[in-house]
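Working through the structure, step by step
Below are the chains, spelled out letter by letter.
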There are 2 protein chains.
Amino acid sequence: MLENKIKRTELSELGEFELIDLLTKNIKLKHKSSVKGVGDDAAVINYGNKQTLITNDLLIEGVHFDLTYVPLKHLGYKAAVVNFSDIIAMNGIPRQLIIGIGVSNRFSVEALEEFYSGISLACENYNVDIVGGDTVSSVSGLFISVTVIGEAKKDDIVYRDTAKKGDLIFVSGDLGAAYMGLLLLEREKQTFKADPNMQPDLGGYDYILGRQLKPEVRKDILKLLNGIAVKPTSMIDISDGLASEILHICKDSKLGCNIYEEKLPIDVTTAALAQEFEIDPTTVALNGGEDYELLFTIKQDDYDKIKDITGISVIGNLTEKNEGVNLISRSGASVPIIAQGWDAFLKKR
Amino acid sequence: MLENKIKRTELSELGEFELIDLLTKNIKLKHKSSVKGVGDDAAVINYGNKQTLITNDLLIEGVHFDLTYVPLKHLGYKAAVVNFSDIIAMNGIPRQLIIGIGVSNRFSVEALEEFYSGISLACENYNVDIVGGDTVSSVSGLFISVTVIGEAKKDDIVYRDTAKKGDLIFVSGDLGAAYMGLLLLEREKQTFKADPNMQPDLGGYDYILGRQLKPEVRKDILKLLNGIAVKPTSMIDISDGLASEILHICKDSKLGCNIYEEKLPIDVTTAALAQEFEIDPTTVALNGGEDYELLFTIKQDDYDKIKDITGISVIGNLTEKNEGVNLISRSGASVPIIAQGWDAFLKKR
């Protein structure tokens, strides 16, 4: 999409510091806790008596994204949001972001501005300050490192290892759409490769494509829970797929669980597209990943308070560790859940 | 060096989480402020009423390091130390580290363990906790993102933009050795390429090679300054070369300066090797970079207190902005200083 732009400034026309000045000139600090942002050896942050949350994610071209179909602005947006998701999944509030990028000469200054505009938009939408970063060159490809700092009161933080036997397992939103969006974009890329005159046929898939290209974090769900005074007993965001995340909660909390196939929330377009691709929608919901929904557990006693909240689904319950981590199929069969969401050393995603 | 090892476990033999478990199994948290480390969506840190400092650096294979002559353990050590340097250059104390790595199948599990052992050693030496990270695959090459979190009392922090006209400019240690170490390693690599039976001739260059391969941060200098109650008026670490760093201080503090060529601290082996390479030692001291020494300014009134401290050199003074940023040569000529330390989009370092 960037080939259509008229202006292309080579990175070599600017020095490192001119480039950083250009990319960071519109950054304004909004939080009192952001004492010092871009422009010194380190950012300075002051949380008084709250606790500081820190998370970091790397995104590598050819592994985590394909620029043939991911616009740079969307990529910047998503790179920021997936890190906000980690802070919010601890029941914290993201406050500051540090962005590190490695770029080759293939990218123009305008391309980087486009990427930065996506980061900025995400920071604006989630009320986060950009406080620093590092910009380096790469031999080839684009490498992104995002660090996000957040805050929380000590007693508000929700960990992964604090679920209890008997707790109910909930998931927000629906699952599998982001993965189907990826498959759809991959298919159109192959079609385009075979016949470059062919126009991509992506009509009717706005929801699915949006889930892949512009994910959002479920801050709203935590606000609703907070409003009814329900604190999850454990929580994690779904980045690698429901199967992988429930295994984390069970392993860390030393428990087993039953997840009911019939309870898995799957959007109708996701299910229809999965069938078109001849994939079981349940597999997509379990292992697709990149949903950025929240997987959380609550005490059974809180069920009455929570049951009228829309946009969340109860999908199972926690059991003794020796009962294993199981999917109870529609027919009632119990199948052990194995993580298949991430295996980047075996195959590209 | 790793080819000699007997054991090679392919990354594909382990899943992501097994790999993370393996690499992080020896991590022990030492700081009370490290509330939660590796193993949740985010690290949790609590600084009470101190300020939090955060810095991030990216290191990319083929740009920032060459594995033909940099042992992975040294690389890990350096990747950590260069970030500690950023915290210490703010007069803060590094406390936590988050490590993100992108690796291709070219690397074995043992190679990553070697890299991690360097990170761990640096963290042990500088009393820093490893609290999290991200491990992803790359299409080719090794990508490293290090985030370091530190603390400081509000009034202790030293920024870049707070120097005053008339302040004296100091530098710790000596300059240019790390760059000559790089040139030496590059030369031996070329010799080896031309004749693989040739053994590298690196005798007598221990100091210079150590400066390139295993840099340390000048915590000792800050301790000395603290002991005599001298607080720098501004400070920065020398990563991109003295020229680049003094330009930062002058630009940010809205001042000019005179740096005296004859005052630049250059080790004799650095000067001798520069002459062998037919490079002006002054150029190496100004633009070589990766010294990780401290460049700082002090009030003239503090000169009497500081003048007996060994291991630091006064190299110039700050002037009005309109006088420019100048090098006063041995002959007395004034030459504008231009940053040449970093231009990665034009050439590889």
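No experiment lies behind these values; they were computed from the predicted model shown.

Calculation criteria
Residues numbered from 1 in each chain as written. Chains lettered and ligands numbered in written order. Predicted model: local features only at pLDDT ≥ 70, side-chain atom pairs only at ≥ 80, totals over all residues. Axes fitted to C-alpha atoms, helices over the stretch in contact; angles between N-to-C directions. Helix = DSSP H or I, 4+ residues; strand = E, 2+ residues; numbered from the N terminus. Parallel < 35°, antiparallel > 145°, perpendicular 65-115°, else oblique. Contact = placed C-beta atoms within 7 Å. Nonpolar A, V, L, I, M, F, W, Y, C, P; charged D, E, K, R; others polar. Buried ≥ 20, exposed ≤ 12 C-beta atoms within 10 Å, placed from the backbone. Least-squares fit on C-alpha atoms with pLDDT ≥ 70 in both. Pairing = 2+ DSSP bridges. Domains from an automatic or database assignment. pLDDT = per-residue confidence, 0-100.

Notes on the packing of helix α4 (residues 177-194) of chain A against helix α5 (residues 206-213) of chain A
All names here are of chain A. The N-to-C vectors of α4 and α5 enclose an angle of 100°; their axes lie 7 Å apart at closest approach. With respect to α5, the element α4 is oriented roughly perpendicular. Mapping the contact onto sequence places Ala177, Ala178, Met180, Gly181, Leu182, Leu184 and Leu185 in α4 and Tyr207, Ile208, Leu209, Arg211, Gln212 and Leu213 in α5. Classifying every residue of the contact of α4 with α5 by side-chain character gives ten nonpolar, two polar and one charged.

A closer look at the pairing of strand β10 (residues 294-298) of chain A
In the case of a regular strand, side chains alternate between the two sheet surfaces. Of all the five residues making up β10 of chain A, five are buried; the element is thus mostly covered by neighbouring parts of the structure. Side-chain alternation along β10 of chain A places Leu294, Phe296 and Ile298 of chain A on one buried face and Leu295 and Thr297 of chain A on a second face that is also buried.

Section: the relation of the copies chain B and chain A
Note that the two copies of the chain are related through a rotation about an axis and a translation along the same axis. In screw terms, the move from chain B to chain A is a rotation of 180° and a rise of 0.0 Å along the axis, fitting with an RMSD of 0.0 Å. Expressed as a symmetry operation, the mapping of one chain copy onto the other fits a two-fold axis.

Comments concerning the interface of chain B and chain A
Facing the 61 residues of chain B at the interface are 61 residues of chain A. When contributions to the side of chain B that touches chain A are tallied by element, the ones reaching two or more residues are β1 (34-36), β2 (43-45), β3 (51-60), α2 (72-88), β4 (93-103), β5 (129-137), β6 (143-152) and β8 (234-237) of chain B. Here the side of chain B that touches chain A gets nine residues from one element, more than from any other, and that element is β3 of chain B. Considering only residue class, the side of chain B that touches chain A consists of 27 nonpolar, 23 polar and eleven charged.

So, α5 of chain A
Turning to α5 of chain A, its buried residues number three or more, namely Ile208, Leu209, Arg211, Gln212 and Leu213 of chain A. Next to the buried residues of α5 of chain A lie α2 (72-88), α4 and α8 (268-276) of chain A.

What to know about the sheet that holds strand β6 (residues 143-152) of chain A
Strand order in the open sheet made by the six strands is β5(A)-β4(A)-β6(A)-β3(A)-β2(B)-β1(B), with mixed pairing throughout. Since the sheet does not close on itself, it has two edges, and those belong to β5 (129-137) of chain A together with β1 of chain B, each with one partner. Ignoring which end each strand starts from, the neighbouring axes of this sheet average 25° apart. In this sheet, β6 of chain A lies alongside strand β3 (residues 51-60) of chain A in antiparallel orientation, the contact comprising ten bridges. Paired with Leu59 of chain A across the strands is Ile144 of chain A, a residue of β6 of chain A. Its contacts with the sheet put α2 of chain A on β3, β4 (93-103) and β6 of chain A, and the angle it makes with β6 of chain A is roughly 35°.

Some words on the pairing of strand β12 (residues 325-328) of chain A
All names here are of chain A. Burial along β12 is one-sided: Val325 and Leu327 are buried, while Asn326 and Ile328, pointing the other way, are not. Where strand β9 (residues 256-260) lies against β12, four bridges are found, and the strand directions are parallel. The residue bridging Ile259 from the neighbouring strand is Leu327, located in β12. Across three bridges, β12 lies against strand β13 (residues 334-336) in antiparallel orientation. Counted as the bridge partner of Ile328 is Ser334 from β13. The loop that links β12 with its antiparallel partner β13 comprises five residues; one of these, Gly332, has a positive phi angle of about 95°.

Let's talk about the domain arrangement of chain A
Residue and element names in this part refer to chain A. Split by domain assignment, chain A resolves into domain 1 (2-156) and domain 2 (168-336). On the side of domain 2, 15 residues touch domain 1, which itself brings 14 residues to the contact. Within the side of domain 1 that touches domain 2, the residues separate by chemical class into eight nonpolar, four polar and two charged.

Brief notes about the confidence of the model for chain A
Residues and elements named next belong to chain A. Confidence in the prediction of chain A, expressed as mean pLDDT, is 88, and 93% of residues score 70 or more. This stretch, residues 341-349, has a pLDDT under 50; its non-local contacts, to residues over four places away or in other chains, come to 22 contacts. Interface scoring of the predicted complex returns ipTM 0.83; its pTM is 0.87.

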